[in-house]
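Summary of the model geometry
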Amino acid sequence: MKFEDYRIAEGIKKAISKLGYKKPTDIQFRSIPPILRGEDVLAIAQTGTGKTAAFVIPILHKIQEQKQGRRAGGIKCLVLAPTHELALQIYSVFKTLGKHTKVDFLCIHGGVEQDPQIQHLNDGVDVLVATPGRMFDLISQGHLILNHLKILVLDEADHMLDLGFIKDIRDLERHLPKHRQTLFFSATINDSIKKLAYSLVTNAIRIQISPKDPVAKNITHAVAMIEMDDKRHFLADLIRKNPEFKILVFVRTKVRAERVKKALERVEIVSDSIHSDKLQEEREMTMRLFRRGEQKILIATDVSARGIDIPYVDMVVNYDMPETAENYVHRVGRTGRGEQKGQAVSFCSKEEQEKLSFIETHLGKPIDRIQISKQEYKETLISIEEKKDDWRTLLANEDLEEQSRKKRKKKRR
Ligand code: AMP
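Rules used in this analysis
Residues numbered from 1 in each chain as written. Predicted model: local features only at pLDDT ≥ 70, side-chain atom pairs only at ≥ 80, totals over all residues. Heavy atoms only, no water. Helix = DSSP H or I, 4+ residues; strand = E, 2+ residues; numbered from the N terminus. Buried < 20%, exposed > 50% of the residue type's maximum accessible area, 1.4 Å probe, protein only. Contact = heavy atoms within 4.5 Å. Pairing = 2+ DSSP bridges. Salt bridge = Lys/Arg side-chain N within 4 Å of Asp/Glu carboxyl O.

To continue, consider the overall build of the protein chain. Looking only at helices and strands, the protein chain has 17 helices and 14 strands in total. Counting across all 413 residues of the protein chain, residues that qualify as buried make up 52%. In the protein chain, 76% of the contacts between residues at least 6 apart in sequence involve partners at least 24 apart.

Structure below.
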């Protein structure tokens, strides 16, 4: 099956071909026809499978057909996504694929002023991509009315539950028309996700992509046994050995993200970090640079990087083992996207071995061990010379700064 064979608007086909997509991916092949027919869909598919275009393509076609010259009011499709980054990414897929249609889009999320968003809503929007927080603010203030909604999409529903949005999603039902199409996407499935899904969909078509192999086949996995305090040396070593690689490094907390960044700085490796303590503009700038490959090393927490699509990430490094097997799937799904190949390397300390066993059980197979001899281990620690900013140097720098501060004060007097 090729995209030309689908009964979708020519403008959409043109945009698809411009993107270089030759044929639909598995999830697209299975979900585009039922979505076009107006059926509810419950899809278990990880990011990297092409799931965004799987709902964007048929939604664009349906709204384009409905519009046909008329400028009918009201939001027709609402896409809910757990994070700013994911919302912006979905929005950009809508914009790219919908370039030759008459469909109007808007993305709303927190962290930025709401007035321009309200203005845009008043001007008329067909597809609204939103994160739950800002969306509820606008509903409660009466700026956002969803009673003309035809299609509701929940993307990364599992992540939305992890972030505690379950009550919000249940409340959302009250603001939506009963007769609508609901498309429910989740990377993983468990009892609470099933419960939520079945409370929202009606007679849904169920689609599950590679249930036995939750991570994409074009990713190679390996794990190295490394003690917590030595990890920074091995990360620096890995980066130096792969200077061309675009590497996404996952850490457990935002504090650790900053620490790893500093540790790399000490060995003169430039990296950037992304986490929820950063301003929205900073996060967007960081993502832009990383996407373009101008910044090759990005250190991220799970929340900030989940679901985001970055082309050509060569390697994902689990600097800290993920807390859950599902998070492992999400993290490694950042590489090996579409048709590309990817590598996932995990650093596992003694304390983290239990997490590794959970992950392997979830994957249904062991992850290859990277064999490091005692000698190699020692050599790696020695080979990464850190700049001398031990406490003495830090104090000396602090003294110098204090002196110049005093001098500046004197001068002003
Ligand atoms: P997603 O799972 O939606 O995050 O998409 C993962 C990646 O696959 C994105 O970079 C898309 O541009 C790419 N992609 C989506 N559909 C296709 C397709 N039919 N052929 C090739 N690449 C695709």
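There's plenty left to go through after this.
Next up on the list: the pairing of strand β5 (residues 151-154). Here β5 shows no split at all, with Ile151 and Val153 on one side and Leu152 and Leu154 on the other all buried. Relative to β5, strand β2 (residues 77-80) is paired through 4 bridges, and the arrangement is parallel. Note on β5: the bridge partner recorded for Leu78 is Leu152. For β5 and strand β6 (residues 181-186), the ladder comprises 4 bridges, and the chain directions are parallel.

Bringing the pattern of salt bridges into the picture now. By the definition in use, this model includes 21 salt bridges. The closest approach of N and O atoms between Lys355 and Glu323, which form a salt bridge, is 3.2 Å. Here the residue Lys355 occupies a position in helix α15 (residues 353-363), and Glu323 occupies one in the loop between β12 (315-318) and α14 (325-332), the gap between them amounting to 32 residues. With a relative accessible area of 22%, Lys355 lands in the partly exposed category.

With that settled, consider the sheet that holds strand β13 (residues 342-348). Strand order in the open sheet formed by 7 strands is β10-β11-β9-β12-β13-β8-β14, and the pairing between neighbours is parallel. The open sheet has two edge strands with one neighbour each: β10 (272-274) and β14 (368-369). As defined by bridge partners, strand β8 (residues 219-225) adjoins β13 across 7 bridges and the pair is classed as parallel. Note on β13: the bridge partner recorded for Ile219 is Gly342.

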